[in-house]
Amino acid sequence: MLFDERPKENKGDLFDREKEIEEIMNNINRPLILITGVRRIGKTSILKVVLNELKIPHFIIDCRNLPPNYSKGNLYSLFSNAISSKLSTFLEILSKIRGISILGNSIELKWKGKEYVTLSDLFDHLNEKRIIIGIDEAQKLRGPLSKEIKDSIAHAYDYDRNLTFILTGSEVGLLHEFLGIENSESPLYGRYYHEITLERFDKDKSELFLRKGFEELRLNVDENVIHGIIEMFDGIPGWLALAGNQFSNNRDLKRVKNIAINVALNEINNLIEMKNNVSPVVARRYRTVMRCIARGTNSWSKIVNCIQKEEGSTISTSVLDNILNNLKKLSIIDENYEFLDPIYKEASIL
Ligand code: ADP
């Protein structure tokens, strides 16, 4: 069902994206592939569909709920959970690795004590077979263990020719910063990666998506509703799916919009607080900057003036610079001080 709000897993459930899937398939033998784009654009869905289509053994590390200062235990649990979900595929390899215990239907990767397994060891063993390792929302791996993770991916890049890593990221600036391909101090410095950036659907595709979705639900929906949804959600498939789903329940476009705005507000709060570990004062500053931009303030000097008016105090160049850079790295705004997501914009005006 198109309006199912979970990531799609089968090609038949995915709307469009043939070109992007083909591009990933054509590059599948490269060591490192990135799928980037704003939240809800369909990265996880495409990753899952590609992996299902390829029929190459794989697992996906889901970093979406990783806390900002995650521990080694957190990280190893992610790997344990991901591999456990494909246990039968990897059982033979896993049984040869010291530092992994197999307990019924799940495995535990040990990260401390007498016997433990490093990620590089794990990758070297997995390299026995052709395997694809997906890492969803990989920018969340930034933090105290990022050097260790990048060292292990760089090691696999050089020595484990059977492994391909596919990383997705919604906070595109942070993902690039995490990998540090252009940073001479990063273990991944200078390595080639193939990046596929997912774009939003144009008006025609959005319309087709919505019509098809409503048709699946056997709902006859007025033209105005279809166009209203397209106007509001600007071709981002995840918002279109949410809108279609909500509208089919409540038949009230205004309510649909409010629901989406509340979802976005929650996400914005999490992004600002998680990214920066910020104090309430700094979080308020982020919100003021976002409110100014959401109202159409689109130059440095206008933003400075707007903040002065809103807060009654001036903002230093370095603080504003830092906030704007972070909003760009989080893929909330672009270089021209425009919101990338129309609902994030609406939520920021409030
Ligand atoms: P991302 O990983 O970029 O945040 P997801 O893959 O989780 O995006 O997709 C967000 C929502 O949009 C999900 O409900 C998913 O089912 C839907 N979706 C995204 N792209 C498509 C598509 N091409 N066809 C059908 N549904 C899609």
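Computed from a predicted structure; not experimentally measured.

Caption draft 1: Representation of the packing of aromatic side chains within the structure. Summed over all chains, the structure comprises ten aromatic pairs. Between phenylalanine 201 and phenylalanine 209, the ring centres sit 5.9 Å apart and the planes meet at 45 degrees, which makes this aromatic pair tilted. As far as the burial class goes, phenylalanine 201 and phenylalanine 209 line up, both buried. On the basis of an interplanar angle of 75 degrees and a centroid distance of 6.2 Å, the ring pair of phenylalanine 214 and phenylalanine 247 is categorised as edge-to-face. Residue phenylalanine 214 is found in helix α8 (residues 203-216), and its partner phenylalanine 247 is found in helix α10 (residues 237-250); the two are separated by 33 residues along the sequence. Judged on exposure class, the residue phenylalanine 214 and its partner phenylalanine 247 are both buried. Among the aromatic side chains, those forming a connected cluster through ring pairs are Phe3, Phe15, Phe201, Phe209, Phe214 and Phe247. Arginine 40 extends its terminal NZ or CZ atom over the ring of tryptophan 239, reaching a point 3.8 Å from the ring centre. The side chain of arginine 191 reaches across the aromatic face of tyrosine 157, ending 5.5 Å from its centre.

Caption draft 2: Layout of the nonpolar core. In terms of nonpolar packing, the biggest core is built from 72 residues, with Phe209, Leu210, Phe214, Phe233, Trp239, Val289 and Ile332 touching the most fellow members. The two domains that each donate at least three residues to this core are domain 1 (17-197) and domain 2 (203-349). Once residues within four sequence positions are removed from consideration, phenylalanine 214 is found in contact with Phe3, Leu219, Val221, Ile226, Ile229, Gly244 and Phe247. In this structure, Leu32, Leu78, Leu87 and Ile181 belong to the second largest nonpolar core, which totals 46 residues.

Definitions and cut-offs
- Residues numbered from 1 in each chain as written.
- Predicted model: local features only at pLDDT ≥ 70, side-chain atom pairs only at ≥ 80, totals over all residues.
- Heavy atoms only, no water.
- Phe/Tyr/Trp six-rings, centres within 6.5 Å; stacked < 30°, edge-to-face > 60°.
- Buried < 20%, exposed > 50% of the residue type's maximum accessible area, 1.4 Å probe, protein only.
- Helix = DSSP H or I, 4+ residues; strand = E, 2+ residues; numbered from the N terminus.
- Lys NZ or Arg CZ within 6 Å of the ring centre and 35° of its normal.
- Core = buried A, V, L, I, M, F, W, Y, C linked by side-chain atoms within 4.5 Å.
- Domains from an automatic or database assignment.
- Contact = heavy atoms within 4.5 Å.

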